[in-house]
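Structural overview
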Amino acid sequence: MLIADFNYELPPELIAQYPLAQRDASRLLHVPVSGPYCGLQFIELGRLLRAGDLLVLNDTRVIQGRLYGSKATGGRVEILLERILEPCLALVQLRSSHSPRVGSELHFEPDMSAVVEGRQGEFFRVRFGTAVEPYLLEYGHVPLPPYIQRQDNVADRQRYQTVFARNTGAVAAPTAGLHFSESLLTTLQNAGVKTAWLTLHVGAGTFMPLRPEQISSGRLHGERMFVSEELCATIRQTQIAGGRVI
């Protein structure tokens, strides 16, 4: 298997750069086991579900994990958070014209400094001069995917979260979940569709290019996932009762 096997054409003009005003107005393609494909709107999801089905949703919350700054030498640097290891220590992707050395100092607005402590695989360990999470909440940028060719804005802080986001830790949204609205979830609940939750923190590795060694090993980057015993029991009960788990 080759990386080229995964190539496909996606014209740039077909990639939306801004979300629709209404979350559940996006398009939904129904691909049945047999028969023709059917084009729907996401708000029609209830047509494909039935009472007794279980909808499992990812409640991860995206942290504003992108920072722009400079090295002590003046060169520009960009950081994308992978995860917070300690209150002041983070594992990050780091982009600059030259890879920084261990001990290098980085500077960010308004008056924040950080030190590169070392490498950990594809990532860098960076120690900040203050607690990372509250700093990112105030000064971090929304980590829009690379195919969104624009700077993030204030509206993205709300729209690049699902309406059910609650456990902070992801650097990218669980994309399909962005199309759910509060009203759609209420409609599904009233129709007898059950809802349950897990947490999978999408990591910065999702933005990395696919590498030959990943193809040969059959393994991609790792991500943190939290599944409760309660969810496992709910899934088993749904299957025993003949419901579907989505």
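Look a little higher up for the structure.
Residues numbered from 1 in each chain as written. Predicted model: local features only at pLDDT ≥ 70, side-chain atom pairs only at ≥ 80, totals over all residues. Heavy atoms only, no water.

The next thing to look at is the packing of aromatic side chains. Applying the stated criterion across every chain, the model contains five aromatic pairs. For the ring pair Phe 164 and Phe 180, a centre distance of 6.1 Å and an interplane angle of 65 degrees mean the geometry is edge-to-face. Of the two residues, Phe 164 sits in the loop between helix H2 (156-159) and strand S11 (167-170) while Phe 180 sits in the loop between S11 and helix H3 (182-190), which places them 16 residues apart along the sequence. Side by side, Phe 164 and Phe 180 carry an identical accessibility label, which is buried. Between the aromatic rings of Phe 164 and Trp 197, the centroid separation amounts to 5.5 Å while the plane-to-plane angle is 55 degrees, which identifies the pairing as tilted. In this pair, Phe 164 is assigned in the loop between H2 and S11 and Trp 197 in strand S12 (residues 194-201), connecting sequence segments 33 residues apart. A residue is classified by how much of its surface remains accessible, and Trp 197, at 29% relative accessible area, is partly exposed. Among the aromatic residues, those joined into a ring-pair cluster are Phe 42, Phe 164, Phe 180 and Trp 197. Over the ring of Phe 124 we find Arg 119; its NZ or CZ atom is 4.3 Å from the centre of that ring. (Phe/Tyr/Trp six-rings, centres within 6.5 Å; stacked < 30°, edge-to-face > 60°. Helix = DSSP H or I, 4+ residues; strand = E, 2+ residues; numbered from the N terminus. Buried < 20%, exposed > 50% of the residue type's maximum accessible area, 1.4 Å probe, protein only. Lys NZ or Arg CZ within 6 Å of the ring centre and 35° of its normal.)

Attention now moves to unusual backbone geometry. Cis geometry is found at the peptide bond from Glu 109 to Pro 110, where omega equals 0 degrees. Mapped onto the secondary structure, Pro 110 falls in the loop between strand S8 (105-108) and strand S9 (112-120).

As a further point, take the pattern of salt bridges. As enumerated under the stated definition, the model contains nine salt bridges in all. For the salt bridge of Glu 44 with Arg 47, the shortest nitrogen-to-oxygen distance reads 2.8 Å. When its relative accessible area of 57% is taken as the criterion, Arg 47 is described as exposed. The closest approach of N and O atoms between Arg 150 and Asp 156, which form a salt bridge, is 2.9 Å. What emerges from the salt-bridge pattern is a single network uniting Arg 66, Glu 78 and Arg 95. (Salt bridge = Lys/Arg side-chain N within 4 Å of Asp/Glu carboxyl O.)

Here the focus is the nonpolar core. Counting 35 residues, the largest nonpolar core has Ile 79, Leu 94, Leu 106, Phe 108, Val 126, Phe 128 and Tyr 160 as the members making the most contacts within it. Secondary structure elements with two or more residues in this core: strand S6 (76-86), strand S7 (89-96), S8, S9, strand S10 (123-128) and helix H1 (132-139). Ignoring anything within four residues of it in the chain, the contact list for Leu 94 reads Val 77, Glu 78, Ile 79, Pro 100, Leu 106, Val 116, Phe 124 and Val 126. (Core = buried A, V, L, I, M, F, W, Y, C linked by side-chain atoms within 4.5 Å. Contact = heavy atoms within 4.5 Å.)

Bringing a nonpolar patch on the surface into the picture now. Side chains of Met 1, Ile 3, Phe 6, Leu 210 and Leu 220 sit close together on the surface and give an oily, nonpolar patch of about 510 Å² of accessible area. Position of Leu 220 relative to the elements: it lies in the loop between helix H4 (212-217) and strand S13 (224-226). (Patch = residues over 30% accessible without salt bridge, like charges linked within 9 Å, V, L, I, M, F, W, Y side chains within 5 Å. Areas by Shrake-Rupley, 256 points an atom, 1.4 Å probe, with all protein chains shown as cover.)

This brings us to the sheet that holds strand S3 (residues 54-58). The three strands lie next to each other as S3-S12-S13, forming an open sheet whose pairing is mixed. Each having just a single partner strand, S3 and S13 make up the two edges of the open sheet. Geometrically, the sheet is characterised by an average inter-axis angle of 30 degrees between neighbouring strands, direction not taken into account. Pairing geometry for S12 and S13, over three bridges, is antiparallel. Counterpart to Leu 200 in the pairing with S13 is Met 225. (Pairing = 2+ DSSP bridges. Axes fitted to C-alpha atoms, helices over the stretch in contact; angles between N-to-C directions.)

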